Amino acid sequence: MEPETKNYKVPEEAAVLPVRDTVLFPHAVLPLTIGRESSIALINSLGDEKIIAVAAQRDPRLDNPEPGDLHEVASLALIHKIIKMPNQSLFIFAEGLGRIKLDEYVQTTPFLRARISALPEAEPEKTPEIEALQRTVVAGFQQIVAASPGLSDELQTVVLNIEEPGRLADFVAGTLSSLTTTDRQKLLETLEVAERLEVVSVHLTKELEMQQVRSKIQSQVQDQLTQGQKEYYLREQMKAIQKELGEGDDTQREVEELRQKIADAQMPEEVEKEALKELQRFSRMSAAAAEYTTSRTYLDWLVTLPWRKSSAQEISIRKAHEILDADHYNLEKVKERILEYLSVLQLKPEIKGPILCFVGPPGVGKTSLGKSIARALDRKFVRLSFGGIHDEAEIRGHRRTYIGALPGQIIQGLRRAGTNDPVFMLDEVDKIGRDFRGDPAAALLEALDPEQNSRFRDNYLDVPFDLSKVLFITTANVLDPIPDALRDRMEVLELPGYTEEEKVQIAILHVLRRQAEQHGVILDEQIEFQPEALQEIIRHYTREAGLRNLERNIASIIRKQARRIAEGEKDRLVVTPEIVRQFLGAPKVLVEAEVSARTETPGVAVGLAWTPAGGDVLFVESSQMPGKRGLIMTGHLGQVMQESMQAALTWVRSHAEGWHLPTDFENRELHLHVPAGAIPKDGPSAGITMVTALVSMLSKRRVRPNLAMTGEITLSGLVLPVGGIKEKVLAAKRAGIKEVVLPRQNAAHVQEELKQEQLEGLTLHYAKTIGEVLELALEPEAQIMPREVVGQGDTATVH
């Protein structure tokens, strides 16, 4: 006998209709759209008895499923109605008759056909457990229907009228939209009614919990909307009342504009809260109130600051390199540091900006380099000069309680820039003063500390502002006046002076073109500078580490040509050394003649000094006379330099016999003088120069012409290393010096800081003891030779 399902016999074979993302349960009617060619052929092949097997696909993405792609447990279905659609597809209504198993496929084309067997479902006995599960399912389903607008309320009645527990489980499983296709297929394969009811009950519990969470969220949203609508309604009423009374129109409009600006400013939550609080105070003020303008000004500052507005530029390392090279000659260390920062910024955009400090003499391009860096980074440039600032409120602003209070210069600069990541140059930080109004350098500690400036708090704003994206660049001529705590927060990059060759190149590449444009003269067509003329200006009309005087002299020559053109002369002017002397007058600097002339007399030695304007040559003169006063020191000398003179004299007296020097020092007055007397001088680096001057004077041996030296001495005669080697060597070259004596321990600094072309024409000697220095510095005389054995020192000659 064949098993029966109600009035239908289960055939031995049936056509199999694959369906995606759905499962047909017994006793359920399911509308299906038929679009596949094989499925359409299946429906068209049916006779009077339109009974088929409906099986769910394991993977719904397959368009032509094979037998292995379908689940084995399926539903036997009766097709009630077939509707042909305009696009050639079919729309059918299929009623589930019972569970079946697909035993073996007997046909795969043009559609699937398989042998089937019924999976009979026995109604369980009415046990208390079954009845409890049944009631739980009915109650849970009714709650879900009541809370779901998409489900008809009639379903609550329908579910009450289902008595069979198996049919109840199938009905709820087919109706519950939250079940996945996999969950439904598992329920179809579950033949045990009690187990099926239990699984359905678990799904209903989960759905109820989701409904409760959803309702809670909707309730919160509704409360917020209701509160917003209430505030809007009350505000509109207030507007109407004020309009009737003829009051508050302008103030209310102003408040609304500020409220919109606060919303558009994208402030941090803490700042926005403070702004809204101040706006609330402002809205209650009368326009005649004393604090009205103060409050309005404060709100204007808050809404105009760039809280989240950044440059948002694409970082191009190659483009930045090209801009830096085009704007500045040499300065490789600084350029390399900027390109390193750009590279890290490209890999990690949230990096904190470094705090760079450019230290160098005037005129070497510190400020212009900051502008060039801003252009290379495609950021805004803000410059703040600290020269003469005494009030710390200039940095951090004044409290709002003061009349005319404003934020500090840092916040003002950011407002002018319009972005929160500009290049911010703090010029001349070594010129900051301090008085009873506070110390501006101390106020800078927070702003220039990468670990603290993300929450910089200006006294006027009294809310934190993030400065971590700002690239701070400070400039200084010397580091000594800068407090240690502030110096520790900065990365110091030294910009030393330029050599003569570098100045010539910079003049050709930048200065000549810029000055010609400023004076309306066409370069190369109306005026041309020969390199020799530039060298003449540099050697005999300027003595500086930078370029300012060079630029002034070039501008003076171009102005004279501009006057000639204005007077009607059309000839092109070729500037030669003779033209330079004609236009600029007699040479102002005759260094070569000065050095050689002043060292013709024994007792004069040439030293090298470091100054804020770069390196410079220093003359140490000595003289003697009968007397009892001992050592006389003049020349506006500091304490350290006076002690160096005492140490030099002590060494000379202790080694006088070995160098054939007079030993009756108790009957001699020795005088050491360092011109120019009006300029303060200090430091230990002229120690070997003082010894050389004293020995030269006492032995009547002249110092070799065009030779300079620098180095500290000890009482034992050792030569100790000194600083500022690059500046001193360049100063010697500018002054026409041919030989330089340096401490041996400074040889590494020479190799690191000076290029081969900078040393061209100089002979460098390295000495370890003062004896080696004297052998190198003093002209030899056959009749005067020291008794002690002295090494010759190391010599490095660069041609």
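If you're wondering where the values come from, they're calculated on a predicted model, not measured in any experiment.

Counting its secondary structure elements, the chain contains 26 helices and 27 strands. By the compact-globule yardstick of 28 Å for 799 residues, the chain is too spread out, its C-alpha radius of gyration being 48 Å. With the C-alpha coordinates aligned to their principal axes, the bounding extent of the chain is approximately 150 × 80 × 70 Å. By the burial criterion, 48% of the 799 residues in the chain qualify as buried. About 40600 Å² of surface is accessible on the chain, with carbon and sulfur atoms providing 49% of the total. Each charge sign in the chain was given a centre, from 96 positive and 119 negative side chains, and these centres are 6 Å apart.

This paragraph deals with the environment of I473. Tracing the backbone shows I473 in strand β14 (residues 471–476). Linking I473 and F424, residues 49 residues apart in sequence, is a C-alpha distance of 6.1 Å. Apart from residues no more than four positions distant in its own chain, I473 is found in contact with L356, F358, G370, I373, V423, F424, M425 and L426.

Another point: the pairing of strand β6 (residues 73–84). Note that strand β5 (residues 51–56) and β6 share four bridges and pair antiparallel. Bridging across to β6, I52 finds its partner in A77. Where β6 lies against strand β7 (residues 90–107), 11 bridges are found, and the strand directions are antiparallel. What sits directly across from I79, in β7, is A94.

Another point: helix α10 (residues 317–327). Listed in full, the buried residues belonging to α10 are A320, I323 and L324. Angular distribution of buried residues about the axis of α10 spans 95 degrees; they occupy a single face of the element. Facing away from the buried side of α10, by more than 90 degrees, are the exposed residues R318 and E322. Its buried side turned inward, α10 meets α11 (332–347) and α12 (366–377).

What follows is about a negative patch on the surface. Taken together, E129, E192, E195 and E198 make up a surface patch of like negative charges. Within the element layout of this structure, E192 appears in the loop between α5 (181–189) and α6 (193–245).

Another aspect to go through is the packing of aromatic side chains. Within this structure, the stated rule accounts for six aromatic pairs. Arranged with centres 5.6 Å apart and planes meeting at 40 degrees, the rings of F424 and F472 form a pair that is tilted. Separated by 48 residues along the polypeptide, F424 in strand β11 (residues 423–427) and F472 in strand β14 bring together distant segments of the chain. Here the two residues F424 and F472 agree in accessibility, since each one is buried.

The next subject is the pattern of salt bridges. Scanning the model with the defined rule gives 35 salt bridges in all. Notably, a salt bridge pairs E254 with R296, separated by 2.0 Å at the nearest N-O pair. With E254 in helix α7 (residues 249–264) and R296 in helix α9 (residues 292–304), this pair connects stretches of sequence that are 42 residues apart. In this pair, the class of E254 matches that of R296, namely buried. The closest approach of N and O atoms between R457 and D462, which form a salt bridge, is 3.8 Å. Looking at R457, the relative accessible area reads 30%, which means it is partly exposed. Through salt bridges that share partners, E270, R455, R457 and D462 make up one connected network.

Given 3.6 residues per helical turn, the α-helix brings residues three or four places apart onto the same face. With 12 residues, α12 extends 17 Å between its outermost C-alpha atoms, agreeing within 8% with the 16 Å of an ideal straight helix rising 1.5 Å per residue. Taken together, the buried positions of α12 are K366, L369, G370, S372, I373, A374, A376 and L377. Turning to α12, the residues buried within the fold contact α10, α11, β9 (355–359), β10 (381–385), β11 and β14. Looking one or two residues beyond α12, the residue adopting positive phi is D378, at roughly 60 degrees.

This next bit is on the confidence of the model for the chain. Summing up the model confidence of the chain, the mean pLDDT is 83 and the portion of residues at 70 or higher is 93%. Ranking the elements of the chain by mean pLDDT puts strand β27 (residues 794–797) last, at 41, and strand β25 (residues 739–743) first, at 93. Predicted confidence is poor over residues 1–5, with pLDDT under 50, and the contacts of this stretch with residues over four places away or in other chains come to 10 contacts. With pLDDT under 50 throughout, residues 782–799 is counted as low confidence; its partners more than four residues away or in other chains account for 46 contacts.

Before going further, it helps to examine the pairing of strand β8 (residues 112–118). Across four bridges, strand β3 (residues 13–19) lies against β8 in antiparallel orientation. Residue pairing across strands places E13 opposite R115, the latter belonging to β8. Between the antiparallel neighbours β7 and β8 lie four residues.

Quick look at the sheet that holds β14 now. Ordered by their spatial adjacency, five strands build an open sheet running β10-β11-β14-β9-β15, and the pairing between neighbours is parallel. Of all strands in the sheet, those bounded by a partner on one side alone are β10 and β15 (491–494). Pairwise comparison of adjacent strand axes, ignoring direction, gives a mean angle of 20 degrees for this sheet.

Here we take up the packing of helix α17 (residues 500–518) against helix α18 (residues 531–540). Two packed helices can be described by the angle between their axes and the distance between those axes. Across the interface, α17 lies against α18 with an axial gap of 10 Å and an inter-helix angle of 120 degrees. The angle between α17 and α18 falls in the class oblique. Relative to α18, α17 is oriented so that their crossing is right-handed. Within the contact between the two elements, α17 uses E500, K503, V504, A507, I508 and L512 and α18 uses L534, Q535, I538 and R539.

Attention now goes to unusual backbone geometry. Between T109 and the following residue, P110, the backbone shows a cis peptide bond with an omega angle of -5 degrees. Mapped onto the elements, P110 comes out in the loop between β7 and β8. Backbone geometry places D21, a non-glycine residue, at a positive phi of 50 degrees. Its location among the elements puts D21 in the loop between β3 and β4 (29–34). Residue classification places D21 among the exposed residues on the basis of a relative accessible area of 53%.

For the rest of this paragraph, the subject is the side chain of N553. Note that N553 resides in helix α19 (residues 548–566). Here N553 falls in the buried class, since its relative accessible area comes to 15%. The residues touching N553, leaving out its near neighbours within four places in the chain, are I537, Y541, T542 and L584.

Calculation rules
- Residues numbered from 1 in each chain as written.
- Predicted model: local features only at pLDDT ≥ 70, side-chain atom pairs only at ≥ 80, totals over all residues.
- Heavy atoms only, no water.
- Helix = DSSP H or I, 4+ residues; strand = E, 2+ residues; numbered from the N terminus.
- Rg over C-alpha atoms; globule rule 2.2 N^0.38 Å.
- Buried < 20%, exposed > 50% of the residue type's maximum accessible area, 1.4 Å probe, protein only.
- Areas by Shrake-Rupley, 256 points an atom, 1.4 Å probe, with all protein chains shown as cover.
- Lys, Arg positive; Asp, Glu negative; His and termini not counted.
- Charge placed at Lys NZ, Arg CZ, Asp CG, Glu CD.
- Contact = heavy atoms within 4.5 Å.
- Pairing = 2+ DSSP bridges.
- Arc of directions from axis to C-beta.
- Patch = residues over 30% accessible without salt bridge, like charges linked within 9 Å, V, L, I, M, F, W, Y side chains within 5 Å.
- Salt bridge = Lys/Arg side-chain N within 4 Å of Asp/Glu carboxyl O.
- Phe/Tyr/Trp six-rings, centres within 6.5 Å; stacked < 30°, edge-to-face > 60°.
- Expected span 1.5 Å × (residues − 1).
- pLDDT = per-residue confidence, 0-100.
- Axes fitted to C-alpha atoms, helices over the stretch in contact; angles between N-to-C directions.
- Parallel < 35°, antiparallel > 145°, perpendicular 65-115°, else oblique.
- Left-handed = near helix turned anticlockwise from the far one by under 90°.

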